[in-house]
Amino acid sequence: MILMQVCNFAQNQTVEDSLDLDARRNFFFAFPALSYTPETRWALGGVSMYNFYLDFNDTISPASSIRLWAGYTQNKQLLIYMPFNLTWKERKNVFYGQV
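One structure accompanies this document, and this report is about it. Residue numbers restart at each chain and count upward from 1, following the sequence in its written direction. pLDDT decides what is reported in this predicted model: residues at 70 or higher carry local features, side-chain atom pairs at 80 or more are listed and counted, and totals for whole chains, interfaces and linings draw on all residues regardless. In computing side-chain values, all of the structure's heavy atoms are included and hydrogens and water are not.

1. Topic: the overall build of the chain
Applicable threshold: Only DSSP runs of H or I with at least four residues qualify as helices, and only runs of E with at least two residues qualify as strands; both kinds are numbered from the N terminus onward. For every residue, the accessible area obtained with a 1.4 Å probe (protein chains only) is divided by the maximum for its type, and the residue is called buried under 20%, exposed over 50%, and partly exposed between those limits. Per-residue and other accessible areas follow the Shrake-Rupley method at a 1.4 Å probe size, with only the shown protein chains counted as cover for residues.
Counting its regular elements, the chain contains one helix and six strands. Listing each helix as α and each strand as β along the chain from the N terminus yields α-β-β-β-β-β-β. Put simply, the chain has 99 residues, and 31% of those count as buried. Taken as a whole, the chain presents about 6900 Å² of accessible surface, with 61% of it coming from carbon and sulfur.

Okay, structure coming up:
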């Protein structure tokens, strides 16, 4: 859960944080992850996030994002979670979900 909060914090960095359009950049980061649940026991994997702008001239829409969490558990299970959020045309179009 803490990892998702870190990803949500990074996603909320919008153009309001900087009025300079040149400061709007695509952003990618990844790091290893370790988790535990009683059902799956320990899981080792990785978390990544890619923030990007579908239209750099759109100063109202926040960055779109694609996140990925993948891990392998002690119960020999592969867990993959990929939420996404796409925003464009001054926030008139928003497409979000998870795979």
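Text resumes after the structure shown.
2. Points about the side chain of Thr87
Summarising the element assignment, Thr87 is placed in strand S5 (residues 83-88). A residue is classified by how much of its surface remains accessible, and Thr87, at 5% relative accessible area, is buried.

3. Structural notes on unusual backbone geometry
At Arg41, a position not held by glycine, the phi torsion is positive, near 65°. Inspection of the secondary structure puts Arg41 in strand S2 (residues 41-52). Accessibility expressed as a relative area gives 37% for Arg41, which makes it partly exposed. Backbone geometry at Glu90 places phi at a positive 50°, although glycine is not the residue there. Among the structural elements, Glu90 can be located in the loop between S5 and strand S6 (93-98).

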